[in-house]
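# Tertiary structure, described
Here is how the chains run, residue by residue.
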Amino acid sequence: MAYPDPQPRFGQSVKGLLSEKVSACSGDVIALTRQVLKGSRSQELLGQAARNMVMQEDAILHSEDSLRKMAIITTHLQYQQEAIQKK
């Protein structure tokens, strides 16, 4: 009596499981790639923000220096105005 060979059924289930695992791994690799790219983009944006912040800091320091000079000039002009009014 010939019994049906259980090997083909086992082989088919293994192929099915293997196919599912490959699909799951592929999905995980795609998700990981997206996350890495997103992290890379985040680093790029952070670097750009840092550069912009440095530029703003320089502009603020320059403005502060200009205001200090203007305050000195204003003081000198006030002294000159007082001197003119006394004469």
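That block above? That's the structure.
The paragraphs below set out a description of the structure included in this document. Keep in mind it's a predicted model, so treat the numbers as computed, not measured. (Residues numbered from 1 in each chain as written. Predicted model: local features only at pLDDT ≥ 70, side-chain atom pairs only at ≥ 80, totals over all residues. Heavy atoms only, no water.)

Moving on, we come to the pattern of salt bridges. Under the definition given, this model contains 3 salt bridges. Notably, a salt bridge pairs R68 with E64, separated by 3.7 Å at the nearest N-O pair. In this pair, R68 and E64 are both assigned in helix α1 (residues 6-86), 4 residues apart and thus about one turn of the helix distant. Note on R68: relative accessible area 46%, which makes it partly exposed. By relative accessible area, E64 is classed as partly exposed at 41%. The partner of D65 in a salt bridge is R68, and the shortest N-O contact between them spans 3.6 Å. Here the residue D65 and the residue R68 both occupy positions in helix α1, the gap between them amounting to 3 residues, near one helical turn. (Salt bridge = Lys/Arg side-chain N within 4 Å of Asp/Glu carboxyl O. Helix = DSSP H or I, 4+ residues; strand = E, 2+ residues; numbered from the N terminus. Buried < 20%, exposed > 50% of the residue type's maximum accessible area, 1.4 Å probe, protein only.)

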